[in-house]
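# An overview of the molecular structure
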Amino acid sequence: MPFSTVGSDLVFEKGLYLRMTRKILLCACAAAFLFALVWPAASAPGRSDADAVTLDPATLKCLGAVAGAGMMETNTYENLRELSDDIGARITGSPEAAKAIAWGLEKMKGAGLENVHAETWQLSHGWTRISAHAELIAPIHRPLMIDSLGWVGSTPTSGAEAEVVPVNAYQLDDEMKNPARWSGKILLVVHNGEAPTDRMASFGKFGNFLKAAHQAGAVAVIGGQGGSVAQGMHLTHTGVLGFDTYYEIPVVSMAAEDQEQVERYLDRGITVRLKIDVQNRVTTGPVGSANVVGDIRGTEHPDQIIVVGGHLDSWDLASGATDNGFGATATLGAAEAIIKSGQKPRRTIRFVLFTGEEEGLLGSLAYVKTHHEEMPNHIAAIILDNGQGPVSGFQLGGRADLIPAVQKFANSLGAFGKLKVDDEVEFGTDTGPFIVAGLPGINLDQDSPEYKYTHHSAVDTFDKVQADILDRDATVMALTAFWIAERSDRLASPWSQEKTAQMLVDKHQDVILKLFGLWPFGNLGSARE
Ligand SMILES: [Zn+2]
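Residues numbered from 1 in each chain as written. Predicted model: local features only at pLDDT ≥ 70, side-chain atom pairs only at ≥ 80, totals over all residues.

Moving on to the overall build of the protein chain. The helix and strand inventory of the protein chain stands at 17 helices and 14 strands. Taken over 529 residues, the protein chain has a buried fraction of 50%. Considering only residue pairs separated by 6 or more positions, the protein chain has 83% of its internal contacts joining residues 24 or more positions apart. (Helix = DSSP H or I, 4+ residues; strand = E, 2+ residues; numbered from the N terminus. Buried ≥ 20, exposed ≤ 12 C-beta atoms within 10 Å, placed from the backbone. Contact = placed C-beta atoms within 7 Å.)

Laid out in structure tokens, this is it:
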């Protein structure tokens, strides 16, 4: 329902009227210039009438107070420095991740959240990186830059020397028809010909290829997540290859400069030999982890919950400042902004630092499972996990029904730039499990052009984050959560399984979800012409 109907509620509900009046008074002390951040600016140059703000004045005043606190009173950047420099890499199940969980609990308590606790869940395997080295033996001799992907196995302890053969990622079905030729070889993933239209489905197939390669006796696979090529100058990118998966064959990311040289030799028909030594430690689980949870309790509907989150875990080639220390500390900053604004939302806002995101959304999947009974009382999940750039839009996870309401809200955030609203479905972040639960899993999209370099690489460090952008994104998160929590009407209720399944089929997400075992809907959702 559009927000402007709040006006008619005021006429009919006396209690509400009084509360609204009190809220206006509470807000009045906030510095007036801060209201300019979100205050309607319909007459500002370049803004059309269609952008005119129609949120009611009482709500705008409250949002102004939250914006002011978010931009001026939080410890977001300092928190990110602590997480990046004092704790560092936080691979799920590691001692550093446990330290980060304890840190998150302390920060939530310090910020004044209620019901602060850790919600434990289990991972099927533990994994620790030890070392990865490679050298070109023929046709010339020189060292190569590689790093192991996560949750994959090792070569023999002193490494192995082998010939390199190409495998075309665009024709994996054909390649897998004759795996015997891979025995004793190092497989280099190449991309020749036309790319398949469904990139996610081919990412799904990659796991089957790894199993076939291992069974055939291949030594190792060179190729990043889903066989991708490393981005940037002399960088490798680690990552997993499925959801809570472990593959015995070693898989490495090689710096693009080195990989392309190997590929040039192969293209010319020159035999390439490498020495490769990859050592990882795997423990068969289960390995314990935990999400960190804390609430701002709603004043009117405490049972109704809006989740705000980012993931606390990271990869281990650097300190995970952009993936996703940024989102985790923005989540804490959003909590601080609302608490310091003095505004009390009508519904409960629950802040969650998820873990296990990097191993396949495991913490958020665990959250949805743990809170299964309360899912009908959940309204939305707002997730920030797209790097270090400013929020550029709201992706509503298939909930096209919410676009008009969210667009109206987005229009009120003029000082944060033009924010796009669409119903894109994002399964690359912790929005996924909430979307499958029928809720709007709202992915805060970001304009992060450098993220393709910092993502899962050795340059994912604190210096890549700008304090003003972090504060700004934390503030957008706080405003979004507060706006949903404060509405007179409930923004959304979970869709039925039928409706959710149909939406996911219509959005072509069913194939990949089935491939990864994340489709709980059986035969629901039929293909449409
Ligand atoms: Zn991430």
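This next bit is on unusual backbone geometry. With an omega of 10°, the peptide bond running from Ala138 to Pro139 counts as cis. Locating Pro139 in the fold gives a position in the loop between strand E1 (114–138) and strand E2 (142–144). Residue Asn324 is bonded to the preceding Asp323 through a cis peptide linkage, with omega at -5°. In this structure, Asn324 sits in helix H10 (residues 321–341). Residues other than glycine seldom take positive phi values, yet Asn115 does so here, at roughly 55°. Along the chain, Asn115 falls in strand E1. Note on Asn115: 12 C-beta atoms within 10 Å, which makes it exposed. Even without a glycine there, the phi angle at His456 is positive, about 60°. Position of His456 relative to the elements: it lies in the loop between helix H14 (451–454) and helix H15 (467–486).

What follows concerns helix H11 (residues 362–370). Across the 9 residues of H11, 7 count as buried, placing the element largely inside the fold. Along H11, the positions that sit buried rather than exposed are Leu362, Gly363, Ser364, Leu365, Ala366, Tyr367 and Val368. The inward-facing, buried residues of H11 contact E1, strand E8 (273–296), strand E9 (301–311), strand E10 (347–354) and helix H13 (431–436).

Angle between the axes and distance between the axes are the two parameters that describe a pair of packed helices. It is at 9 Å that the axes of helix H6 (residues 95–111) and H10 come closest, and there the two elements cross at 15°. When the axis of H6 is compared with that of H10, the two are roughly parallel. Handedness of the H6/H10 crossing: right-handed. Taking contact as the criterion, the partners of Lys107, Met108 and Ala111 in H6 are, on H10, Leu332, Ala335, Glu336 and Ile339. (Axes fitted to C-alpha atoms, helices over the stretch in contact; angles between N-to-C directions. Parallel < 35°, antiparallel > 145°, perpendicular 65-115°, else oblique. Left-handed = near helix turned anticlockwise from the far one by under 90°.)

Residues Val66, Met477 and Ala481 are the most contacted members of the largest nonpolar core, which totals 92 residues. Considering each element in turn, this core owes the most residues, 11 residues, to H15. Setting aside its immediate chain neighbours within four residues, Ala481 contacts Ile306, Val308, Ala334, Ile349 and Ile382. By size, the runner-up hydrophobic cluster in this structure holds 43 residues, among which are Trp127, Ala169, Tyr247 and Val252. (Core = buried A, V, L, I, M, F, W, Y, C linked by C-beta atoms within 7 Å.)

Where helix H5 (residues 76–87) contacts H6, the two axes come as close as 11 Å, and the packing angle between them is 155°. Relative to H6, the element H5 is oriented roughly antiparallel. In terms of crossing hand, the pair formed by H5 and H6 is right-handed. Along its contact with H5, which presents Asn79, Leu83 and Ile87, the element H6 presents Glu96, Lys99, Ala100, Trp103 and Lys107. Residue composition of the contact of H5 with H6, grouped by class: 4 nonpolar, 1 polar and 3 charged. (Nonpolar A, V, L, I, M, F, W, Y, C, P; charged D, E, K, R; others polar.)

Take the pairing of strand E11 (residues 378–383) next. Burial analysis of E11 places 6 of its 6 residues in the buried class, the great majority of the element. In this structure, E9 lies alongside E11, joined through 5 bridges in parallel fashion. Counted as the bridge partner of Val308 is Ile382 from E11. Relative to strand E14 (residues 441–446), E11 is paired through 3 bridges, and the arrangement is parallel. Bridging across to E14, Ile383 finds its partner in Asn443. (Pairing = 2+ DSSP bridges.)

Right, let's get into the confidence of the model for the protein chain. When pLDDT is averaged across the protein chain, the result is 90; 89% of the residues are at 70 or more. Under a pLDDT of 50 for its full length, residues 1–52 has, in the predicted model, 63 contacts with residues more than four places off or in other chains. (pLDDT = per-residue confidence, 0-100.)

Examined bridge by bridge, strand E4 (residues 160–168) and E8 share 4 bridges and lie antiparallel to one another. If you follow Ala160 over to E8, its bridge partner there is Ile276. Bridge count between E4 and strand E5 (residues 186–190): 5 bridges; the pairing is parallel. Paired with Val164 across the two strands is Ile186, which belongs to E5.

With respect to the element layout, Ile101 can be found in helix H6. Overall, Ile101 belongs to the buried group, with 21 C-beta atoms counted inside 10 Å. Beyond its immediate stretch of four places on either side in the chain, Ile101 contacts Ala118, Ala290, Val292, Leu312 and Thr355.

Structurally, Val165 can be placed in strand E4. Exposure remark for Val165: the 16 C-beta atoms within 10 Å place this residue in the partly exposed category. Considering only alpha carbons, one finds Val165 and Lys185, 20 residues apart in sequence, at a separation of 6.7 Å. When near neighbours in sequence (up to four residues on either side) are disregarded, Val165 contacts Trp182, Lys185 and Leu187.

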